[in-house]
Amino acid sequence: MIYQAVAALTDYAVRTGLVDEVERVWTINTLLGELGLDSWEPPETVADRPLEEILHDILDWAVQQGRVADDITSRDLFDTRLMGRLTPRPTRVIRQFRARYALSPQSATDWYYRFCQDTDYIRSYRIARDVKWVSPTPYGELDITINLSKPEKDPRAIAAAKAAPQSGYPKCLLCRENEGYAGRMNHPARQNHRIIPLVIDGKAWFFQYSPYVYYNEHCIVFNGQHVPMRIDRAAFRKLLDFVRQFPHYFVGSNADLPIVGGSILSHDHFQGGRYTFAMEKAPVEQVVSFAGFDDVEAGIVKWPMSVIRLRAADDSRLVELADRILTAWRGYTDETAFIFAETDGEPHNTITPIARMREGKFELDLVLRNNITTAEYPLGVFHPHQELHHIKKENIGLIEVMGLAVLPARLKGELTALADALVQGGDIRGDAALEKHADWAEGLQKQYTFTRENAMDILQKEVGKVFATVLEHAGVYKRTDEGRAAFLRFIDAVR
């Protein structure tokens, strides 16, 4: 079996262009060496098979031989090492990317995205397991995904990671030092990972794809230095510089404060890709203007969060106005709207910015954020409130802001069980896993008659409504007459 798998993996590497045909013998010997084998028996026939199946066979063999522990982390470390031996050196990858970029930016990213799947850095077969649907709401069709592609560690892997020697290298999951890193029980292997150097606003940055791909061509653009996230004038300049270089992509940044920021605030980075989110489709519902910027189109977007959209042919004018808005917002307090710039010296106001090209012009969406907490809302006033935590409790970062809910894996099983309970009249409050959904479910029972045919469709639609409410909670200005008036007071305060 192992020779069949080695031959199949070699064929795969040649077929995808990871190695050349003239490197076939070298590839076989390299894989044999990694597997601790010193002989070769060529199989008579080798069938084309999906990469997942080939690696699964090799991993099962390695477990049987005692070379690999039988847990997901150990298996991932081992098969990434194998794929790393088949992945071209960084110089060759960079050379190919730049050659294709000379033809067009899209040609370069098309090739690089395919390459990252071929190397198994992006495990497409895991991404395919994610549960996805679209929910209609007053704000357009929101994307919902239950993330199943990021592997959950089993207890053995968790124990092994705890016992493993602690290391500060690489400093975080975004550092350039991850490229080619062998990994360990508490840090993923990246031997099959290749990054592309870029110059963004005159600084050394890098470009890669997210291994978890929450949306099409989900990329990460990150600083070559391990420095903290910061939203400032330079951030706006960098975002617009990126879309100038890659006009078929959007790019945005998480906010730079806890609660309203992303999961990694310690390393300056952006996220982008080739995908049209509901927020981009949302229209401007109220045109506004800023003194001295008659050449910049500006307006408030019809969106559950508080978004100012700017548009101009001259990107330097967008940087100038965005910086002015940010400066005003950092120091802005409106007690009647419960907006406080700071309390006890702790700053609260920041912005989540998103840049794109549209119809030949630069566009910048500025989402106003505030991370104040209270005794009633200890996780954040402008954060999903407690009654929504059964669906979404985590921070509302850039991806959610734009209209894509990344929901925890637990919901796949919980929604299935909840649908069964609603159809069969089960005891939802008496079920430890479902009890958190009981109030929501009882409300739905008053609206719908559940059957086996419609139960899951109803639940998915209602999850979309919950996510819309999540975004409304995260909006600093509510979509009421009072909220709109307060939003305009801030617009008037920008000088």
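Treat the numbers as computed from the prediction; the structure is a model and nothing was measured.

> Just checking my understanding: could you explain the sheet that holds strand β1 (residues 131-137) for this structure?
Backbone-to-backbone hydrogen bonds pair the strands of a sheet. The strands run either parallel or antiparallel. Strands sit in the order β1-β2-β15 across an open sheet of 3 strands; the sheet is mixed. Edge positions in the sheet fall to β1 and β15 (404-407), since each has one partner strand and no second. Between one strand and the next, the sheet's axes are offset by a mean angle of 20°, whatever the strand orientation. This element, helix α13 (residues 410-424), spans β1, β2 (140-146) and β15 of the sheet and lies at about 105° to β2. Set on the sheet, helix α15 (residues 455-474) makes contact with β1, β2 and β15; between it and β1 the angle comes to about 65°.

> Which parts of the structure should I look at to understand unusual backbone geometry?
The general pattern is negative phi for most residues beyond glycine and trans for most peptide bonds. Tyr 169 connects to Pro 170 through a cis peptide bond whose omega is -15°. Inspection of the secondary structure puts Pro 170 in the loop between α8 (155-163) and β3 (196-200). Phi is positive for Asp 201, which is not a glycine, with a value near 50°. Among the structural elements, Asp 201 can be located in the loop between β3 and β4 (203-209). Residues other than glycine seldom take positive phi values, yet Phe 338 does so here, at roughly 55°.

> Can you help me understand the pattern of salt bridges in this one?
When the charged atoms of two side chains lie near each other, side chains of opposite charge can form a pair. Inspection of every chain in the model, using the stated rule, returns 42 salt bridges. Arg 274 is paired through a salt bridge with Glu 217; the nearest N and O atoms lie 2.7 Å apart. With Arg 274 in the loop between β7 (269-273) and α10 (278-281) and Glu 217 in the loop between β4 and β5 (219-223), this pair connects stretches of sequence that are 57 residues apart. Arg 274 gets classed as partly exposed once you look at its relative accessible area, which sits at 24%. The exposure class of Glu 217 is buried, given its relative accessible area of 5%. Between Glu 320 and Arg 233 there is a salt bridge whose closest N-O contact spans 2.7 Å. In this pair, Glu 320 sits in helix α11 (residues 315-330) while Arg 233 sits in helix α9 (residues 233-245), placing the two residues 87 residues apart along the sequence. In this structure Glu 320 comes out as partly exposed when scored by relative accessible area, which is 28%. When its relative accessible area of 36% is taken as the criterion, Arg 233 is described as partly exposed. What emerges from the salt-bridge pattern is a single network uniting Glu 280, Glu 297, Arg 309, Arg 311, Arg 356, Arg 358, Glu 359, Lys 361, Glu 363 and Asp 365.

> Is there a simple way to explain the nonpolar core in this structure?
Soluble globular proteins tend to bury their nonpolar side chains together. Judged by nonpolar contacts, the single largest core of 96 residues is most densely connected at Phe 207, Phe 242, Phe 290, Leu 310 and Tyr 477. When sequence neighbours within four positions are dropped, the list of residues in contact with Phe 207 reads Phe 97, Thr 109, Tyr 112, Ile 195, Ile 196, Leu 198, Cys 219, Ile 220, Val 221, Phe 222, Phe 242 and Tyr 249. Grouped together as the second largest cluster of nonpolar side chains are 53 residues, Ala 282, Leu 404, Leu 415 and Ala 441 included.

> Please explain the pairing of β1 as it appears in this structure.
Across a regular strand the side chains alternate sides, sitting on one face of the sheet and then on the other. The pairing of β1 with β2 spans 7 bridges and is classified as antiparallel. Counted as the bridge partner of Pro 136 is Glu 141 from β2. Hairpin connection from β1 to β2: 2 residues lie between these consecutive antiparallel strands.

> Looking at this structure, I do not really get helix α2 (residues 24-34). What am I missing?
All of the buried residues in α2 are Thr 27, Ile 28, Thr 30, Leu 31, Leu 32 and Glu 34. Of the surrounding secondary structure, the elements contacted by the buried residues of α2 are α1 (2-15) and α4 (72-86). Immediately downstream of α2, the backbone of Gly 36 shows phi near 75°, a positive value.

> I'm lost on the packing of aromatic side chains in this one. Help?
When we look at a pair of aromatic rings, we describe it by the centre distance and by the angle of the planes. Counted under the stated rule, the structure contains 30 aromatic pairs. Geometrically, the ring pair formed by Tyr 101 and Phe 246 is edge-to-face, given 5.5 Å between the ring centres and 65° between the ring planes. Of this pair, Tyr 101 sits in helix α5 (residues 90-103) while Phe 246 sits in the loop between α9 and β6 (250-252), and the two are 145 residues apart along the sequence. A relative accessible area of 1% means that Phe 246 is categorised as buried. Three or more aromatic residues joined by ring pairs make a cluster, and in this case those are Phe 97, Tyr 101, Tyr 112, Tyr 113, Phe 207, Tyr 209, Phe 242, Phe 246 and Tyr 249.

> Help me understand the pairing of β7, please; the structure alone is not making it clear to me.
Burial analysis of β7 places 5 of its 5 residues in the buried class, which makes it a mostly covered element. Relative to β7, β5 runs antiparallel, the two sharing 4 bridges. Opposite Phe 222, over in β7, you have His 269 as the bridge partner. As paired elements, β6 and β7 share 3 bridges and run antiparallel to each other. In the strand pairing of β7, Phe 250 is matched with Gly 273.

> For this particular structure, what's the right way to read the sheet that holds β6?
The 10 strands are arranged β3-β4-β5-β7-β6-β13-β14-β10-β9-β8 in an open sheet whose pairing can be described as antiparallel. One side of each edge strand has no neighbouring strand; the edge strands of this open sheet are β3 and β8 (284-288). On average, each strand axis in the sheet is tilted by 25° relative to the strand beside it, whichever way the strands run. Bridging between strand β13 (residues 349-358) and strand β14 (residues 361-370) involves 10 bridges; their strand directions are antiparallel. Residue pairing in the sheet places Thr 352 in a bridge with Val 367 of β14. Across the sheet, α11 lies against β10 (307-312), β13 and β14, angled at about 10° from β14, the strand it touches most.

Definitions and cut-offs
- Residues numbered from 1 in each chain as written.
- Predicted model: local features only at pLDDT ≥ 70, side-chain atom pairs only at ≥ 80, totals over all residues.
- Heavy atoms only, no water.
- Pairing = 2+ DSSP bridges.
- Helix = DSSP H or I, 4+ residues; strand = E, 2+ residues; numbered from the N terminus.
- Axes fitted to C-alpha atoms, helices over the stretch in contact; angles between N-to-C directions.
- Contact = heavy atoms within 4.5 Å.
- Salt bridge = Lys/Arg side-chain N within 4 Å of Asp/Glu carboxyl O.
- Buried < 20%, exposed > 50% of the residue type's maximum accessible area, 1.4 Å probe, protein only.
- Core = buried A, V, L, I, M, F, W, Y, C linked by side-chain atoms within 4.5 Å.
- Phe/Tyr/Trp six-rings, centres within 6.5 Å; stacked < 30°, edge-to-face > 60°.

Read these as geometric descriptors, not functional statements.
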